[in-house]
Structures are given as structure tokens and as C-alpha cells.
Amino acid sequence: MTMDKLYPSLPFAPGETPLSWAARLAALHTGGSLRPFLNDMDVPFMRLAGGHADAIRRLCDLACQDHKVVEHNTIRSLDGRRFELRGEAFSAEFLTGSVTRFCPACLAEDEGGASRPHARRLGRLEWLLAPVRICPRHQQPLMERQRDAWDGKGRELQLLVPETGAALQALAEPLLVRAPSPLQDYVLGRLEGSKGADWLDGQGIEQAVRATEMLGAVLRFGAGAKARGMGQADWDEAGRAGWPYTSRGQEGITRALDLLLADGQGRCDGRLRRITTYGMLYSWLASSKLSKDPGPIRDILREHILDNMDVQAGQPLLGETGMQPRRSSIASLAASEGVNDVTLKNVLRAKGVISEAEAVLPGSHVLVEYEAGKTVAAEMKRAVAVTLLPQVLNASRPMVAALMDEGLLTPLHDGGLKLGKISRAVDREHVDALLASIERIATPVGKAPGSMVSLAKSAEISRKKMQLVLSAVFGGRLPRVMRLENEPGLSGLLVDPREVKSLTPSGRPGMSAGLAFMMLGIGAAAGKRLISGQFGGTVLKTVSVPGEEDAWVTPAAMACFRSRYVTVKSLLIEAKCRQPQLKRMLAAHEVKPAFDPMTLGAILYRRADLPESLEK
């Protein structure tokens, strides 16, 4: 049957779909089904089903209908199984797929006892949307019908729902009354142009729905629930459970995640795992097969994991790589830092970072602040046991004892190292600095000159204590100091015993300025500027010692300096953080160096300028 225009006319009904209208036209004008009618009208079925403008306008021209009205209710097919409706883009999963949903009460009302009921029954646009599961008018669950894929594309109610009249009423009667969920109301309102919650409106409609349902599913059914085992009634419940939280945005979602975390902690007697805490929400967002951007819910969950769970440095987390952990288990921290986890746990306990109760748990079950734990691990790695110093310094045990008695090497604060099976240790950086100073103060020679002997021999000949000999060597009080090129460390040092014999104890507490610079971690050039007065006064006070070229720093002067100023290196140790974090903290409080670093050659901060958080 072909004609220029269809008569009588059948207006497009508000809320229906183009395919529903085409099926009603077929029922009215031919009494038959959809596809033969479209073939007669020269309207390609697949073009019409895909929402293409040419097919829509062809049918509208035949039926004398404004095509803009029909296009407003048209879901257009895009590339890659994507679709668009009223400016909202979404995937095929946002639609019901091959399943056709309907409300039998709505269809019974549409018929109204007409002789041609299929010409009056409307296939509603809202029935095509997966999040719409309750009839807004009758407040009953929508029913579903499915035959084959072809019928799923046509959604022809005449074929899928052959019941009419009393049979339709019978389908509706047993259905329980249930109000639509707030999430369903939000979806329909958004498609009508209504404004909703800001966080939800700020992302795609499918992202908003999926985040709400997945969060709600774990809240409602627990972390053990599986998406594949949930029916439409379950997803409706999930949307209701998630709505109070996603509608409040990040604050609400974080609150929901806190509830899941608390529940996980209550159920867990060991290591807290992400999958058993966040359930299918985490499985979804962590999936390597995630083909669609899930939206900002993934960022919120990532932040929650960083704040509350074990994260190992460098491991990917929910789409991000190279993560900087905030918290980490002792086991993960030990693995990433290359230290023994039991030793690390003992040191952390001794330093008060973890409690006695935590100390008896496996390292994988105990979380610590990552930066604090990393600082302790670094201290452990730098620790050199005093028993190993003779080998490291190529020195005798009496020499090592003298170095420590003189303060040339200072022991690390015990801080748990005893529990880590290191009874006494020094910082490797101080050891390295001492070895470097040997290179600087001693002239290299291939063979010992006749007048020069080893430190031990010079002490024996001069009958001076080794402590005095070492103090003179490193304090610059001997005119000549040499070192054998093929003998590293202290055993290779050579001095003149006559010069050693002339030494007298200074009798003055303190240390040379050069040694003070080394102890403070300040270079010699910068140190000399601090004692020169060029910064409007002497920053590090010194006194002169008769017969000594180098200035002398008293214990009081050293204590005064340390109470007023701090180097970056010392501040990092005190604050238990890494340099980038310290830099951010100082910038946030607008803390500037006490002196121009370019002029001084070092970075010093006034303690009075530091925030309280760094001075605790």
C-alpha cells in the first residue's frame, strides 16, 4: 500500500517512542504488524530503529506530524554501541537491550475498550531506560518480555504483549505498589532538563547512575554480593541505598565508604583487603577490562584507599600508576624499602609509632603513616653498627672508641635499634663524611716519608692519647697529615710523632669550627660565612684559642645555634617526611629561608618561622 499521506491521522503521543508510533500506525491503517507496514511506506526499519533523521522525517511526512516532536523522543544510535537522547550520551548498557519493559496497567488504560487496542497502546520512552524499573503513574514494577533479538529491536507490543483488556488487568493486579526510587526520578527529571544534585549533574548520566547503583549494592547487600547474581528488584534496591550518599557528592560518598571500612574492620581479624571491604564497587573500578570512564567515583575511592588502607609505593591503583602511599603496612613498607619487616616493626614500636598490641601482630596487618615509616626505614638502612666500624673505617677498636669519645662520630639515638639487633650504631652519612674529610685534609703519598708514622705508632712514641691525636688530625692542629694511597681509612693516615708530642689538650669544651660545620651538615664555605658576621651579626658564635688557627665553637654556642636555626637535612629528620612533602608544608605556611641560599651557599630556616606542626 502506497500513498502520499496517511489518513486518518494518528498524532504522535507525548512520551512514546518512534517505533511505538509506527506500530500504532500499522495497526490503524493495515491491522497488521510493523515491518510490512514500514516496507510499504518505504521507511527502512533499521534506520528508524536507530533513530536516524531521514527515516524519522520520512514517516513524519507521511503521517503529517512535526518531526521535531518525534525527534525529541528519539534515541539516536552513535558509533561504538553508543547512543544519545536529548543531549545525554550513554552506552548500550544504559538501555534494556533485547528485553522490552511495560506496565500492564498503562496499556490497559491506553486501550480504553477500543476496537483496535493495538492502535492505542503506547510504548513509553522511559521503559527503554535500564534505571527505570517502576511505573511512575501506577507505582508498580515494570514487567519484562523477551522473544528473539529481532523482536527486541522492534519492541512491538502487539507481538510481545498480546494480552488485552481483562488479561492485561490480570497481569497488573498481583504487582505490589512501590514508589519509584529517587535515582529513577533523577534520571527522568534530568532528561526533561531539570537540575539535580551538583555532583551527579557534573558527570554523564550513565556515570551518575552506575556510581549510585554500585555503591548502593555494596551498602545494601554487602561486600560479598556479585553483580551477575542481582535481579532488577535488587538493582532498584541498590539505587535507593546509594542515592542518599551520591546525592550529597564527595562528602556523602566518603561517608558511605567510611561505613564500608568500619564494617570490613569489624568482620576482619587480620589484614584488611580492598575487595572484602568495598566489594563489587572496587571490582568494577579496578577492572583491567574497564572500557568506559566510570567518572569521579573512582577518584573518591582511590583517595579513601590511600587514606585508610595498605598501599605499596609504585604499584598502580584504580587507573593511576606510580602512587605515593599515605599509609602502608609494615610488610609492604619493608619490601619497598629493602629492610627486614620484623626489625622494622621492632624499631617502630620502640619509637612509639605503633602500640604494644600492634607489635605482636604480623607486619601485613599493621598500618603506619608511610612517610614516618619510610624515615625510620631510612635510618635503619643508614645505621652502621659500632662493631662494624673497624672494618668500615679500616681502624682499630681503640681508634673507633676514641672517635666516639671525641664526638667525631656520634651514636644514633637508640630509638629501637637495640630491638632491631643493633646494640649501638652511627649514621652512615657521618661515617661517609669522616672518610671524605680524610681525603680532604691528608696529602696522598705512595710511600711513607721517613719522619711520618701511623696514628697508632705516633701515639705510642709520643705517649699521647689516641683521642688527642684524632682531635688534632681532624681539627687541623697538625701541620702535616698524609695518607697512603693504597691504604684507605684511618690506618693509612700518617703524622709526624714530633708534632704529636707537642700537642697539649686544649682543656676547652667544644670543637673546632670545621668540625662544627661537619656536625651541622653545613659546607665549609657556608660555615665561614655564618661566623664572619656578613649577615648583620655572627650567626654561629666562635671564640679564639691561643695557638690555634681554627676558631672554636663552644657547646653553648652550638646549642644556641640549633635552638634558633635548622638545616633542611635536620628538618627532614625531625619532621619525618621527604623533601617534596616538606617543601609543600613550608610553602603552605609561606616559610622562607633565613638567609639568601645563593649568598650563603646553604639553606637555613629560623625555628621561630616554622609552623607548630614542624616544631612538635
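Residues numbered from 1 in each chain as written. Predicted model: local features only at pLDDT ≥ 70, side-chain atom pairs only at ≥ 80, totals over all residues. Heavy atoms only, no water.

Section: the pairing of strand β3 (residues 88-91)
Right, on to step 1. The pairing of strand β2 (residues 82-85) with β3 spans 4 bridges and is antiparallel. Bridge pairing in β3 places Leu85 opposite Glu88. (Pairing = 2+ DSSP bridges. Helix = DSSP H or I, 4+ residues; strand = E, 2+ residues; numbered from the N terminus.)

Regarding unusual backbone geometry
Right, on to step 1. Of note, the amide linkage connecting Tyr7 to Pro8 takes the cis form, showing an omega dihedral of 0°.
Right, on to step 2. Of note, the phi angle at Asn394 is positive, near 50°, even though the residue is not glycine.
Right, on to step 3. The residue Asn394 is located in the loop between α21 (389-393) and α22 (397-406) in this model.
Right, on to step 4. For Asn394, a relative accessible area of 25% translates into the label partly exposed.
Right, on to step 5. Positive phi, normally seen in glycine, also occurs at Glu590, with a value near 55°.
Right, on to step 6. Relative accessible area serves as the criterion here: at 65%, Glu590 is assigned to the exposed category. (Buried < 20%, exposed > 50% of the residue type's maximum accessible area, 1.4 Å probe, protein only.)

Things to note about the side chain of Ser20
Right, on to step 1. By the secondary structure assignment, Ser20 is in helix α1 (residues 18-29).
Right, on to step 2. For Ser20, the residues in contact, after removing those within four places along its chain, are Arg121, Leu122 and Gly123. (Contact = heavy atoms within 4.5 Å.)

A closer look at the packing of aromatic side chains
Right, on to step 1. Inspection of every chain in the model, using the stated rule, returns 5 aromatic pairs.
Right, on to step 2. Ring centres 5.6 Å apart and planes at 90° place the aromatic pair Phe12 and Trp21 in the edge-to-face group. For the pair shown, Phe12 and Trp21 are each scored as buried.
Right, on to step 3. Between the aromatic rings of Tyr565 and Phe595, the centroid separation amounts to 5.8 Å while the plane-to-plane angle is 35°, which identifies the pairing as tilted. A residue pair is termed long-range when its members are at least 10 positions apart, and Tyr565 in strand β16 (residues 565-567) and Phe595 in the loop between α31 (579-588) and α32 (597-600) qualify at 30 residues. (Phe/Tyr/Trp six-rings, centres within 6.5 Å; stacked < 30°, edge-to-face > 60°.)

Description of the sheet that holds strand β13 (residues 493-495)
Right, on to step 1. Spatially, the 4 strands line up as an open sheet ordered β10-β12-β13-β11, and their pairing is mixed. Unpaired on one side and paired on the other, β10 (443-445) and β11 (453-454) mark the two borders of the sheet.
Right, on to step 2. One ladder, built from 3 bridges, connects strand β12 (residues 481-484) with β13; its direction is antiparallel. What sits directly across from Arg483, in β13, is Leu493.

Points about the pairing of β2
Right, on to step 1. Bridging between strand β1 (residues 76-77) and β2 involves 2 bridges; their strand directions are antiparallel. Paired with Arg76 across the strands is Glu84, a residue of β2.
Right, on to step 2. Taking the residues between adjacent antiparallel strands as the criterion, β1 and β2 are bridged by 4 residues, where Gly80 takes a positive phi near 65°.
Right, on to step 3. Joining the antiparallel neighbours β2 and β3 is a turn of 2 residues, in which Arg86 adopts a positive phi near 50°.

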